[in-house]
Amino acid sequence: MNQTRTNQTYAGVSIAAAVEVPYQRHARTSTAELLAQATASALAQAGIEAREVDGLGVASFTLPPDHAIDFAWRAGLAVRWCMDDCHGGASGINLLQHAARAIQAGDATTIVLVSGDHFEPADFTTLVENYNVNTRTLLRPLRTGGPNPLFAMLTQRQMAAARLERADYAALCIAQREWASLNPQAVYREPLTLQAYLDSPPVADPLCRFDCVPVVSGANALVLTSTQRRSAGAAPVMIRALRASYNFDHQHGDGLVTGIRSVRDQLWQDAGLSPADMDVVSVYDDYPAMVLAQLEDLGFAADGDLRALIHDRIKTRQLPVNTSGGQLSAGQAGAAAGMHGLVEAVTQLRHEAGARQVPDARFAAVTGYGMVQYRYGMCANAVVLERGEAV
Amino acid sequence: MTARALMVFACAVCGAVEFPRRLLCPQCGSAQQHEVAAGAGMVEETTVVRHRAGAHGEAPVHLATVRTQAGPRVIARLGSPLHHGAQVSLQQQADDAIVAEALLPG
């Protein structure tokens, strides 16, 4: 892999707003309307007028036939930087990377990044069966019903490699549900017990209902500004480091290691920080096994002991992971899932997380993961965020 | 349904074997490749799909990750429930579904 130059600073860029349009199981609306709601809400939080916006990035599976530029027109935005993103669970951080560079380069000064989807069950099935050519050609005729059986077999590989049992994954899901109980916007907030987890209907062995994200509709948005233009009163959030890795193993591996492993050292070197410095972590949680894989890739289990990571650190909240409840409790609103963890991390760093606020949170790590090609995801990325000073 | 032995794809320049088919070889970039028989393999993991979003009352489907004798791993439907280590034949049906059948009884 090419060695890119290190210490690539993201100075001069502020995240001035981060919002979530509440996720719903059954929403009588449209994808474009959800994206518009998120855009308006983010601009209101930033204290920025729509006419000041000069950049737009959009990630959505169900917006077509419209694209970012159509949404820009429908939302009354005139821009000089515009981007469609198709990286699924990695879209939020991918958009953030490109938008921050656009601001640094002077191509735009005030960028709205928005992602979301409106789903009915039939929409979801159509999406997962036609995710890409190989899925449509090779997996749809097997009646896989989406990626659940692929991650079921990946989870079996992880259980064998790390000597984990279903009760260990249950503990991870229960810990996230406990965070969700403190998040009024989470779709599932009622406590989850080990017995309820073990008794729940199997989806694809060993995965049960609680290991699979509930499909919801919703949207998220961020506002990025050049630091000089920032007008919001709240503390801005800055990017300390951001790295992406797509197709790092060409799908030749077992999926237990993500691309994050290949950029981890650069990420922490860029940030001048280490995993131990993180106050909050948002890990892309399409499945519990992927939470563990990415945390290990980031260096949160240096000894490789995933069971201790779950029981001694995540369950005890010594390491606050997915404090919104994650997608496993808050729901997966399509492409919004790629921004959900970013929004939660920014909310924590702004100290606006209410009952689930991690005291004095200053640093956060956020990951993205997704775009299953044939056996597991192609895309992974990670960002280290820092609370800035309000001015 | 008519079926044929599963084929995977070998780079004509460097010999790297891939599945699914690539446009350009990830090792050397060549566009030239030829088909290689992968009509047998070994079951690595299995699962049973018992629920699909928006579907009710469908029969469970047995699936497996199979390491083909040619190298690449494939996702296949099992003709009958099998376990890790089972040796299977691999065929691709007319609808492109890859189906694995036990090579030896039991």
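Please refer to the structure placed before this passage.
**Details of the overall build of chain A**
Then, in step 1: Secondary structure summary: chain A contains 13 helices and 11 strands in total.
Then, in step 2: Against the globule reference of 21 Å for 391 residues, chain A gives a C-alpha radius of gyration of 19 Å, in line with a compact fold.
Then, in step 3: Referenced to the eigenvectors of the C-alpha coordinate spread, the extents of chain A come out at roughly 50 × 45 × 45 Å.
Then, in step 4: Out of the 391 residues in chain A, the part that is buried amounts to 61%.
Then, in step 5: Relative to all contacts within chain A whose residues are 6 or more apart in sequence, the contacts with residues 24 or more apart total 79%.
Then, in step 6: In chain A, 31 side chains carry a positive charge and 39 a negative one; their mean positions are 0 Å apart.

**Some points on the interface of chain B and chain A**
Then, in step 1: Taken together, the contacts link 31 residues of chain B with 26 residues of chain A.
Then, in step 2: Summed over both sides, the interface between chain B and chain A buries roughly 2,500 Å², with carbon and sulfur atoms accounting for 57% of that surface.
Then, in step 3: There are three salt bridges connecting chain B and chain A.
Then, in step 4: Across the pair Arg157(A) and Glu45(B) runs a salt bridge whose closest N-O atoms are separated by 2.8 Å.
Then, in step 5: Scanning the region where chain B abuts chain A turns up 12 residue pairs in polar contact (both at pLDDT 80 or more).
Then, in step 6: Mapped by element, the contributors of at least two residues to the side of chain B that touches chain A are β5 (40–49), β6 (61–68) and β7 (73–78) of chain B.
Then, in step 7: In the side of chain B that touches chain A, the residues fall into 14 nonpolar, seven polar and 10 charged.

**Structural notes on the packing of aromatic side chains**
Residues and elements named next belong to chain A.
Then, in step 1: Applying the stated criterion across every chain yields a total of seven aromatic pairs over all chains.
Then, in step 2: With centroids separated by 5.8 Å and ring planes inclined at 40°, the aromatic side chains of Phe 61 and Tyr 131 adopt a geometry described as tilted. Within this pair, whereas Phe 61 is found in the loop between β2 (55–59) and α2 (68–74), its partner Tyr 131 is found in the loop between α4 (121–129) and α5 (133–139), the two being separated by 70 residues in sequence.
Then, in step 3: Of the residues examined, Tyr 131 reaches a relative accessible area of 25% and is grouped as partly exposed.

**Observations concerning helix α7 (residues 166–180) of chain A**
Residues and elements named next belong to chain A.
Then, in step 1: Along its 15 residues, α7 runs 21 Å from first to last C-alpha, staying within 8% of the 21 Å computed at 1.5 Å per residue.
Then, in step 2: Restricting attention to buried positions, one finds in α7 the residues Asp 168, Tyr 169, Ala 170, Ala 171, Leu 172, Cys 173, Ile 174, Ala 175, Gln 176, Arg 177, Trp 179 and Ala 180.
Then, in step 3: Residues of α7 that are buried make contact with α6 (148–162), α8 (194–199), α10 (288–298), α11 (306–314) and α12 (326–330).

**Structural notes on the side chain of Arg243(A)**
Then, in step 1: Within the secondary structure, Arg243(A) is located in strand β8 (residues 237–246).
Then, in step 2: Side chain to side chain, Arg243(A) and Asp270(A) meet in a polar contact 2.8 Å long.

**Points about the pairing of strand β7 (residues 217–226) of chain A**
All names here are of chain A.
Then, in step 1: In terms of burial, β7 is largely enclosed, as 10 of its 10 residues are buried.
Then, in step 2: Because side chains alternate across β7, one face comprises the buried residues Ser 217, Ala 219, Ala 221, Val 223 and Thr 225, and the other comprises Gly 218, Asn 220, Leu 222, Leu 224 and Ser 226, equally buried.
Then, in step 3: The pairing of strand β1 (residues 13–24) with β7 spans nine bridges and is antiparallel. In the sheet register, Val 19 faces β7, and the bridge partner there is Ala 221.
Then, in step 4: With eight bridges joining them, strand β4 (residues 110–117) and β7 adopt antiparallel strand pairing.

Calculation notes
- Residues numbered from 1 in each chain as written.
- Chains lettered and ligands numbered in written order.
- Predicted model: local features only at pLDDT ≥ 70, side-chain atom pairs only at ≥ 80, totals over all residues.
- Heavy atoms only, no water.
- Helix = DSSP H or I, 4+ residues; strand = E, 2+ residues; numbered from the N terminus.
- Rg over C-alpha atoms; globule rule 2.2 N^0.38 Å.
- Buried < 20%, exposed > 50% of the residue type's maximum accessible area, 1.4 Å probe, protein only.
- Contact = heavy atoms within 4.5 Å.
- Lys, Arg positive; Asp, Glu negative; His and termini not counted.
- Charge placed at Lys NZ, Arg CZ, Asp CG, Glu CD.
- Buried area = accessible area lost by both parts, 1.4 Å probe.
- Salt bridge = Lys/Arg side-chain N within 4 Å of Asp/Glu carboxyl O.
- Polar contact = N/O pair within 3.5 Å; in protein donor to acceptor, adjacent residues only side chain to side chain.
- Nonpolar A, V, L, I, M, F, W, Y, C, P; charged D, E, K, R; others polar.
- Phe/Tyr/Trp six-rings, centres within 6.5 Å; stacked < 30°, edge-to-face > 60°.
- Expected span 1.5 Å × (residues − 1).
- Pairing = 2+ DSSP bridges.

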